[in-house]
Amino acid sequence: GFLYPDLPLKSYQISAPYLALFKEPALPLRAVAGLLARTWGTLSLTADVDPKVVSRDDRVIENYSTDRLNHSRMTPRFYASMTAAQRDTRARKTGLGYSMALHLPLADELVGTAAARSFYDALAGAEKRIFEYPDFRHEPMNDIGKETFFENLALVIDEAEGKI
């Protein structure tokens, strides 16, 4: 990978990467988050994630709605470190030493699919493949039609096994 190229991996499978939010917080809120990250980084705040952006499956939505730890809390330090990691990752164009499959749910209203697609398009030197899921929300493995996601996942794993 970018930071740990000696990991014994055969390929990457990346689903809905958090390279940007679908809708970035307003500048004043980002400024407050930056200040809190430096002064009270462990303050637990509500993340205000609507479970309906994760999946179209009512059972998944219900599970997310009742699990208070699932996408519902975030600290300012976590937000600041995530945005720094996003900037770092988006700036990289080479160095991915393994084949990569990007699973991109196009109806994702949690993370920015445009940023993920731009990163994928700019990434050079790696064998790569993209699977786009037009109606899928943030978690294709938990969405209606997830069988398609798992078939694609298995296909890439089988191909990677054949290269050993």
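Residues numbered from 1 in each chain as written. Predicted model: local features only at pLDDT ≥ 70, side-chain atom pairs only at ≥ 80, totals over all residues. Heavy atoms only, no water.

## Digging into the layout of surface pockets
In this model, the largest pocket occupies a volume close to 890 Å³. Taken together, 31 residues line the largest pocket, and the ones lying closest to its centre are Leu21, Pro25, Ala47, Met74 and Tyr79. Where the lining of the largest pocket is concerned, the elements lending two or more residues are α1 (27-39), β2 (45-46), β3 (73-74) and α3 (76-91). When residues in the lining of the largest pocket are grouped by element, the largest group, five residues, is from α1. Here the residues of the lining of the largest pocket sort into 20 nonpolar, four polar and seven charged. (1 Å grid on protein atoms, 1.4 Å probe; cavity = no way out; pocket = protein on both sides within 12 Å on 5 of 7 lines; lining within 4 Å. Points joined across faces, edges and corners; volume = space filled by probe spheres on them. Helix = DSSP H or I, 4+ residues; strand = E, 2+ residues; numbered from the N terminus. Nonpolar A, V, L, I, M, F, W, Y, C, P; charged D, E, K, R; others polar.)

## Brief notes about the sheet that holds strand β4 (residues 99-105)
Here three strands make up an open sheet; going across it, the order is β1-β4-β5 and the pairing parallel. Of all the strands in the sheet, just β1 (11-15) and β5 (128-133) have a single pairing partner and so form its edges. The average undirected angle you get between the axes of adjacent strands in this sheet is 10 degrees. Where β1 and β4 come together, five bridges link them in parallel fashion. Each residue of the ladder has a partner; that of Ser11, found in β4, is Ser99. Each of β4 and β5 touches helix α4 (residues 113-122); the most contacted strand, β4, lies at about 155 degrees to it. Sheet strands in contact with helix α5 (residues 146-161) are β1, β4 and β5, and its direction is about 170 degrees off that of β5. (Pairing = 2+ DSSP bridges. Axes fitted to C-alpha atoms, helices over the stretch in contact; angles between N-to-C directions. Contact = heavy atoms within 4.5 Å.)

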